[in-house]
Amino acid sequence: MKQEPKDRGSIKWTSLMLPEHVDMLRNLWKEDERVERGWMEEQQAAGIDFVLKHAMTEQIPVQVKIHNGFDFECHEVIPVRLHRQKQTLECRGVNKEGTYELAWSCITDVTM
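Not measured: the values here are computed from a predicted model. (Residues numbered from 1 in each chain as written. Predicted model: local features only at pLDDT ≥ 70, side-chain atom pairs only at ≥ 80, totals over all residues. Heavy atoms only, no water.)

The next thing to look at is the overall build of the chain. Helix and strand counts for the chain come out as three helices and five strands. Listing every helix and strand of the chain by position from the N terminus yields α-α-α-β-β-β-β-β. Burial statistics for the chain: of 112 residues in total, 23% are counted as buried. Sequence separation of at least 24 residues holds for 43% of the intrachain contacts in the chain that already meet a minimum separation of 6. (Helix = DSSP H or I, 4+ residues; strand = E, 2+ residues; numbered from the N terminus. Buried < 20%, exposed > 50% of the residue type's maximum accessible area, 1.4 Å probe, protein only. Contact = heavy atoms within 4.5 Å.)

If you want it as structure tokens, here you go:
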């Protein structure tokens, strides 16, 4: 799929731009295509909680879909602990060492 330029001048000047400038323009255009995060129903939140608790007890990797402010990202992680006070999920990447935290408010879906 060919990406069309946003304005007429891009065709003429992109050959004279540095690759960093072209990447900056692509990121600027990506911001225009921002995806809004929807509302989560109570049943969906309960389902996510159930899957996370099951995955923590069995040490099963899960796919966590998060909203990063612009778009959705998927992370394959093994849940380690739920922090109730900080409202975060401490998890360990499947292919990475060490742990990191994901905010509950950013999590949109969890699948096994």
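Alright, that's what it looks like, and here's the rest.
A few words on the environment of G93. The residue G93 is located in strand β3 (residues 88–93) in this model. The spatial distance from the C-alpha of G93 to the C-alpha of V77 is 4.4 Å, given a sequence separation of 16 residues. If near-sequence neighbours (up to four positions away) are discounted, G93 is found in contact with E76, V77, G98 and Y100.

Time to look at the pairing of strand β1 (residues 62–67). In the sheet, β1 pairs with strand β2 (residues 72–83) via six bridges, with the strands oriented antiparallel. The partner of V62 across the bridge, within β2, is V77. Summarising the sheet, β1 and strand β5 (residues 107–111) pair through four bridges and their orientation is antiparallel. Paired with K65 across the bridge in β5 is D109. (Pairing = 2+ DSSP bridges.)

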